[in-house]
Amino acid sequence: MTSSPDAAFDAALSPHLASVEALTSGLNGVGYIASRRIATALYMAVKLQKPILVEGTAGVGKTELALSTAALLGLPLIRMQCYEGLDESKALYEWKYGKQLLYTQILKDRMGEALSDAPSMDAAMDRLHGMGDLFFSEPFLEPRPLMKALQERAGCVLLIDEIDKSDEAFEAFLLEVLSAYQVSIPEIGVLKAETPPIVFLTSNNVRDLGDALKRRCLHLHIPLPDAALEQRIVASRVPGAEERLNRQLVGFVQSLRGLDLRKSPSISETVDWARALILLNAGALEGEVVRDTLNVLLKFEQDIAAVEPQIAELLRQPAG
């Protein structure tokens, strides 16, 4: 008796999904420091075969969670970047019009001999209809991310990135994929995944998502980390940062998040700043190096102008 693709998939993933703790440890091993809440949500999503909708401000690690999951489980990552105007032809499939045109020319050349022995006009028309159907079959399909994910027999990680940037019509189109891991193609029929992909949807809350989409997903909100977790993240991502510098820079970033800024620094900016400080051979935070590198943390000139006069005071605050 042969095992089903799903059974084989579960067996391959079991070492990393034996428990929430095993998953947390596995993610840690590929450089993603996950809180228990994050690991628990991911564990349930995989075990229950449900998509996971990951929300939070830009730079908190939403996309990185999907990338790290694919790396941990040894699965291909298929990414679909969402944007306004994204439609079915870019997300699911489109027809290879050049190939269809080429075959049409070949058919035209052979049409005479193919129809010459037809006993009647109806018989000739039936043959033509059969030839027409040939052009709308799988050999003439160009798969896009959603179809590629459904066609991965051994499974994959499907990342639908920034779903909130797409239109409501596209969100509605996704419902069949997210609920049944299948799509309906009018010319071919229903295409169903042999092994359901692990689906991540990310959102920066540019717009509210529909209730129908949310019902089909597990929800995970990733907040900005506390000082202890952020220090662990920096230590994992920037191993060259000494403990003292790590503690100081994280404390400074945590202080910045308490200010009224247009855009507070996220985890990704903290990691980038740590790398910049290492590059400049900074052993500790000092006013001059902070001032010179503040543009790594802050993305708006008005924020930089607001923070610069407060650098000395912020550096005097105790590190977390």
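Residues numbered from 1 in each chain as written. Predicted model: local features only at pLDDT ≥ 70, side-chain atom pairs only at ≥ 80, totals over all residues. Heavy atoms only, no water.

Quick look at the pairing of strand E9 (residues 218–221)
Step number 1: Covered by surrounding structure in E9 are Leu218 and Leu220 only, the residues His219 and His221 on the alternate face being uncovered.
Step number 2: Here strand E1 (residues 52–55) runs beside E9; their pairing, made up of four bridges, is parallel. Bridge pairing in E9 places Leu53 opposite His219. (Buried < 20%, exposed > 50% of the residue type's maximum accessible area, 1.4 Å probe, protein only. Helix = DSSP H or I, 4+ residues; strand = E, 2+ residues; numbered from the N terminus. Pairing = 2+ DSSP bridges.)

Section: the side chain of Glu162
Step number 1: For Glu162, the location among the structural elements is in the loop between strand E5 (157–161) and helix H9 (168–173).
Step number 2: Excluding residues within four positions of it along the chain, Glu162 makes contact with Gln81, Cys82, Thr202 and Asn204. (Contact = heavy atoms within 4.5 Å.)

Considering the sheet that holds E5
Step number 1: Strand order in the open sheet formed by five strands is E2-E5-E8-E1-E9, and the pairing between neighbours is parallel. The sheet is open, and its two borders are formed by strand E2 (77–81) and E9, each paired with just one other strand. Sheet twist, expressed as the average angle between the axes of neighbouring strands with direction ignored, equals 20°.
Step number 2: Strand direction decides the pairing type here: E1 and strand E8 (residues 198–203), joined by four bridges, are parallel. Residue pairing in the sheet places Val54 in a bridge with Thr202 of E8.
Step number 3: Running at roughly 160° to E9, helix H3 (residues 36–48) makes contact with E1, E8 and E9 of the sheet.
Step number 4: The strands touched by helix H4 (residues 62–73) within the sheet are E1, E2, E5, E8 and E9, with E8 carrying the most contacts at an inclination of about 165°. (Axes fitted to C-alpha atoms, helices over the stretch in contact; angles between N-to-C directions.)

Some details on the pattern of salt bridges
Step number 1: Considering all chains together, one arrives at nine salt bridges under this definition.
Step number 2: Between Glu64 and Arg237 there is a salt bridge, with the nearest N and O atoms lying 3.1 Å from each other. Of this pair, Glu64 sits in helix H4 while Arg237 sits in helix H12 (residues 227–237), and the two are 173 residues apart along the sequence.
Step number 3: Residue Glu64 is classed as partly exposed on the basis of its relative accessible area, which comes to 29%.
Step number 4: Glu230 is paired through a salt bridge with Arg257; the nearest N and O atoms lie 2.8 Å apart. Here the residue Glu230 occupies a position in helix H12, and Arg257 occupies one in the loop between helix H13 (243–256) and helix H14 (267–279), the gap between them amounting to 27 residues.
Step number 5: Taking relative accessible area as the criterion, Glu230 reaches 0% and is therefore assigned buried. (Salt bridge = Lys/Arg side-chain N within 4 Å of Asp/Glu carboxyl O.)

Considering H14
Step number 1: In this model H14 runs 18 Å from its N-terminal to its C-terminal C-alpha over 13 residues, within 8% of the 18 Å that 1.5 Å per residue would give.
Step number 2: Within H14 the residues assigned to the buried category are Ile267, Glu269, Thr270, Val271, Trp273, Ala274, Ala276 and Leu277.
Step number 3: Turning to H14, the residues buried within the fold contact H12, H13 and helix H15 (287–297).
Step number 4: Two residues or fewer after H14 comes Asn281, characterised by a positive phi angle close to 60°. (Expected span 1.5 Å × (residues − 1).)

Observations regarding the environment of Thr40
Step number 1: The topology assignment puts Thr40 in helix H3.
Step number 2: The partly exposed category is assigned to Thr40, whose relative accessible area is 24%.
Step number 3: Note: C-alpha distance between Thr40 and Ser19 (21 residues apart in sequence) is 8.9 Å.

Considering the packing of H14 against H15
For any two helices packed against each other, the geometry comes down to the angle between their axes and how far apart the axes lie.
Step number 1: Remark: H14 packs on H15, axes separated minimally by 9 Å, with the N-to-C direction vectors making an angle of 140°. Taken as a pair, H14 and H15 cross one another with a handedness that is right-handed. Judged by residue contacts, Glu269, Thr270, Asp272, Trp273, Ala276 and Leu277 of H14 engage Val289, Val290, Thr293, Val296 and Leu297 from H15.
Step number 2: Looking at the contact of H14 with H15 residue by residue, the classes come out as seven nonpolar, two polar and two charged. (Left-handed = near helix turned anticlockwise from the far one by under 90°. Nonpolar A, V, L, I, M, F, W, Y, C, P; charged D, E, K, R; others polar.)

A word on the nonpolar core
Step number 1: Judged by nonpolar contacts, the single largest core of 58 residues is most densely connected at Phe200, Leu249, Phe252 and Trp273.
Step number 2: When residues no more than four places from it in sequence are discounted, the contact partners of Trp273 are Leu249, Phe252, Val253, Leu285, Val290, Thr293, Val296 and Leu297.
Step number 3: Counting residues in each nonpolar core, the second largest holds 31 residues, with Met80, Leu92, Ile163 and Leu209 among its members. (Core = buried A, V, L, I, M, F, W, Y, C linked by side-chain atoms within 4.5 Å.)

Overview of unusual backbone geometry
Step number 1: A positive phi angle, near 55°, is found at Gln49, a position not held by glycine.
Step number 2: Its location among the elements puts Gln49 in the loop between H3 and E1.
Step number 3: Its identity is not glycine, yet Asn281 carries a phi of approximately 60°, on the positive side.
Step number 4: Given the relative accessible area of 70%, Asn281 is considered exposed.

Description of H12
Step number 1: Three or more residues of H12 are buried, namely Ala227, Leu229, Glu230, Ile233 and Val234. Down the axis of H12, the sector holding all buried residues measures 160°, keeping them to one side.
Step number 2: Each element contacted by the buried residues of H12 is listed here: H13 and H14. (Arc of directions from axis to C-beta.)

A look at the confidence of the model for the protein
Step number 1: With 79% of its residues at a pLDDT of 70 or more, the protein shows a mean pLDDT of 84.
Step number 2: Per-element averaging of pLDDT across the protein places helix H1 (residues 5–13) at the bottom with 49 and E1 at the top with 97.
Step number 3: Taken together, the stretch residues 1–5 has pLDDT below 50 and engages in four contacts with residues farther than four places along the chain or on a different chain. (pLDDT = per-residue confidence, 0-100.)

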